[in-house]
Amino acid sequence: MSAPATAESVLDLIRTELIESGVEEETISPDAKFDDLDIDSLDVGELMATVKRTYGVSIPRAELADVTVGQLAAKITAKAAS
């Protein structure tokens, strides 16, 4: 069963996953681009798997190119609501 997706809950999940992947917490903001966060493709895959398990939403990795944390959270929230 999927969790309710609010912009805040999705941002919190993304932030938690990124920190667990070794990203410095102070570098994670809604305006931070994934390309600038120094995470590898395995970490991105784990993040997307967690998003799918939690919210029932699949986001292809290709859609993360040039995307900010905030844009991804908005995309997940919108897909989960539809």
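Residues numbered from 1 in each chain as written. Predicted model: local features only at pLDDT ≥ 70, side-chain atom pairs only at ≥ 80, totals over all residues. Heavy atoms only, no water.

Next up on the list: the environment of Ile14. Along the chain, Ile14 falls in helix α1 (residues 7-20). On the basis of relative accessible area, Ile14 is assigned to the buried category, the value being 0%. Put simply, Ile14 and Lys33 are 19 residues apart on the chain and 12 Å apart in space, counted from C-alpha to C-alpha. For Ile14, the contacting residues outside a window of four places in its chain are Phe34, Leu47, Val69, Leu72, Ala73 and Ile76. (Helix = DSSP H or I, 4+ residues; strand = E, 2+ residues; numbered from the N terminus. Buried < 20%, exposed > 50% of the residue type's maximum accessible area, 1.4 Å probe, protein only. Contact = heavy atoms within 4.5 Å.)

Among soluble globular proteins, nonpolar side chains are generally buried collectively. Among the nonpolar cores identified, the biggest contains 23 residues, and Ile14, Leu18, Phe34, Met48, Val51, Leu72 and Ile76 are the most heavily contacted of them. When residues of this core are traced back to their parent elements, those giving at least two are α1, α2 (41-55) and α3 (69-81). Here this core gets five residues from one element, more than from any other, and that element is α2. Look past the residues within four positions of Ile76 in its chain and what remains in contact with it is Val10, Ile14, Val51, Tyr55, Val57 and Ile59. (Core = buried A, V, L, I, M, F, W, Y, C linked by side-chain atoms within 4.5 Å.)

With that settled, consider the pattern of salt bridges. Overall, the coordinates contain three salt bridges when judged by the stated rule. With a closest N to O distance of 2.7 Å, Lys33 and Asp66 form a salt bridge. Remark: Asp66 occurs in the loop between α2 and α3 and Lys33 occurs in the loop between α1 and α2; sequence separation between them is 33 residues. Across the pair Glu63 and Lys75 runs a salt bridge, and its minimum N-O distance is 3.1 Å. Of the two residues, Glu63 sits in the loop between α2 and α3 while Lys75 sits in helix α3, which places them 12 residues apart along the sequence. Taking the relative accessible area as the measure of exposure, Lys75 reaches 28% and is therefore partly exposed. (Salt bridge = Lys/Arg side-chain N within 4 Å of Asp/Glu carboxyl O.)

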